[in-house]
Amino acid sequence: MAVDYKLTAKDFKTEVHNNWCPGCGDFGILSAIQTALAQLGLPPHRVVLFSGIGCSGKTPHYVRSYGFHTLHGRVLPVATGAKLANLSLTVLAVGGDGDGYGIGAGYFVNAGRRNLDLTYIVFNNGVYGLTKGQGSPTLARGLQTKSMPEPALQDGVNPIALAVGAGYTFIARGFALDVKHLTGLIVAAVQHRGTAFLDVLQTCPTYNDLYTKEWYAGGRDSQPRLYKLEEAGYDPRVHDPSDPQEVVAKKLQAIGKSYEWGDRIPLGVYYQVDLPTYEQEAIARRPRLGEVSLAELEIDGRDTQPLLDMLR
Ligand code: SF4
């Protein structure tokens, strides 16, 4: 549901004081979200932005839309409930890598299986920034940031491969300091029908002295580490979702790309397939779900009969 006048990123800015650290990659992601929503022409009152706990959890404070700062690791179930209650809303969920791949890992997997039409953006910085920089689930074994007393003892998770295994239908990776490219990915993620997952490599200059702006800028022979899949001729789309061989081949291709790290790190869309969404499947079984929004049902707290009638 787009407006017929031109929105700008300014229309999605709030007056709330921003207390992220100077130079934090979160600023780039915030700017990309605001610009993407404006480009999509979405009226702010039709957008809901949920967050988990962490530095990224403050994002809804800074975006003029409906918003809700939820509990640690619980952003996806709350976003799922909101979407199910009002299918006409554009729902976005944001959180950090600790929030999403650690505390909320079970929800991360099951949101991928469900394929509800929403967008999940993870601010991936390798540390728990809000609690003084402990290593988070994406920090690889043996790495030690300046705030850690000793190197990480556990292996890091691979979010892209995890998302492929979970069944996400749109899987992409962006970089917080490439706002233009990230904006395009967020636009594509919101336009995708189904659960879109976007892992965003985010610099945390306060606690992560390993994955810095300079580190991303230059690897072997000072060559930029980050490259764009679309510029490398990579095709993420499953063209025939009814062909299991093509589906498996594309998934394996995406997983292979997800293990590129170090001197070459791919950005862009890794995998995309058009499949029926959860709500389409639910409406096919119970057509009334498509006629009346759950949020608009007249329920007074004692008489839940209208809800039961709808689900019959
Ligand atoms: Fe950003 Fe790190 Fe500061 Fe959090 S601690 S606001 S992630 S720079």
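This section reports on the structure supplied with the text.

Reading the values: rules and limits
- Residues numbered from 1 in each chain as written.
- Predicted model: local features only at pLDDT ≥ 70, side-chain atom pairs only at ≥ 80, totals over all residues.
- Heavy atoms only, no water.
- Salt bridge = Lys/Arg side-chain N within 4 Å of Asp/Glu carboxyl O.
- Helix = DSSP H or I, 4+ residues; strand = E, 2+ residues; numbered from the N terminus.
- Buried < 20%, exposed > 50% of the residue type's maximum accessible area, 1.4 Å probe, protein only.
- Near = heavy atom within 4 Å.
- Nonpolar A, V, L, I, M, F, W, Y, C, P; charged D, E, K, R; others polar.
- Polar contact = N/O pair within 3.5 Å; in protein donor to acceptor, adjacent residues only side chain to side chain.
- Contact = heavy atoms within 4.5 Å.
- Core = buried A, V, L, I, M, F, W, Y, C linked by side-chain atoms within 4.5 Å.
- Pairing = 2+ DSSP bridges.
- Right-handed = clockwise from strand over helix to strand, strands pointing away.

The next thing to look at is the pattern of salt bridges. Under the defined criterion, the tally for this structure stands at ten salt bridges. Ionic pairing is found between Asp-199 and Arg-173, a salt bridge with its closest N-O pair at 2.9 Å. Of this pair, Asp-199 sits in strand 8 (residues 196-201) while Arg-173 sits in strand 7 (residues 170-175), placing them 26 residues apart in sequence. Classification of Asp-199 as buried rests on a relative accessible area of 0%. Here Arg-173 falls in the buried class, since its relative accessible area comes to 4%. Among the salt bridges present, the one from Glu-291 reaches Arg-288, with a minimum N-O distance of 3.9 Å. Here the residues in one salt-bridge network are Arg-220, Arg-225 and Asp-263, joined through shared partners.

For the rest of this paragraph, the subject is the site of the ligand. In the neighbourhood of the ligand, the contacting residues comprise Trp-20, Cys-21, Cys-24, Cys-55, Asn-125, Gly-129, Gln-202, Cys-204, Pro-205, Thr-206 and Tyr-207. Its residues placed into classes, the shell around the ligand shows seven nonpolar, four polar and no charged.

Turning our attention to unusual backbone geometry. One non-glycine residue, Asn-115, lies in positive phi territory at about 65°. Within the fold, Asn-115 resides in the loop between helix 5 (105-114) and strand 4 (119-124).

Turning our eyes to something else, we now look at the side chain of Thr-169. Looking at where Thr-169 falls in the secondary structure, it is placed in the loop between helix 6 (159-166) and strand 7. Here the side chain of Thr-169 touches Asn-115 through a polar contact of 2.8 Å, side chain to side chain. In terms of polar contacts, Thr-169 uses its side chain to reach the backbone carbonyl oxygen of Thr-195, at 3.5 Å. Among residues more than four places away in sequence, those in contact with Thr-169 are Asn-115, His-192, Gly-194, Thr-195, Tyr-271, Gln-272, Val-273 and Leu-275.

Core analysis: the biggest nonpolar cluster contains 34 residues, and Ile-29, Leu-37, Ile-121, Ile-186 and Leu-198 have the highest contact counts within it. Sorting the residues of this core by element identifies helix 1 (26-39), strand 1 (47-51), strand 3 (90-96), strand 4, strand 7, helix 7 (179-191) and strand 8 as the ones contributing at least two each. Top contributing element to this core by residue count: helix 1, with seven residues. Counting 32 residues, the second largest nonpolar core, distinct from the first, contains Phe-50, Ala-79, Ala-166 and Ile-171.

For strand 8, the buried fraction is high: six of the six residues fall into the buried class. The side-chain alternation of strand 8 yields two buried faces, one formed by Ala-196, Leu-198 and Val-200 and the other by Phe-197, Asp-199 and Leu-201. By the bridge criterion, six bridges tie strand 4 to strand 8 in an arrangement that is parallel. Paired with Tyr-120 across the strands is Phe-197, a residue of strand 8. Sheet topology places strand 7 next to strand 8; six bridges connect them, and they run parallel. Looking at the pairing, Gly-174 lines up with Val-200 of strand 8. Tracing the backbone out of strand 7, into helix 7 and back to the parallel element strand 8 gives a crossover that is right-handed.

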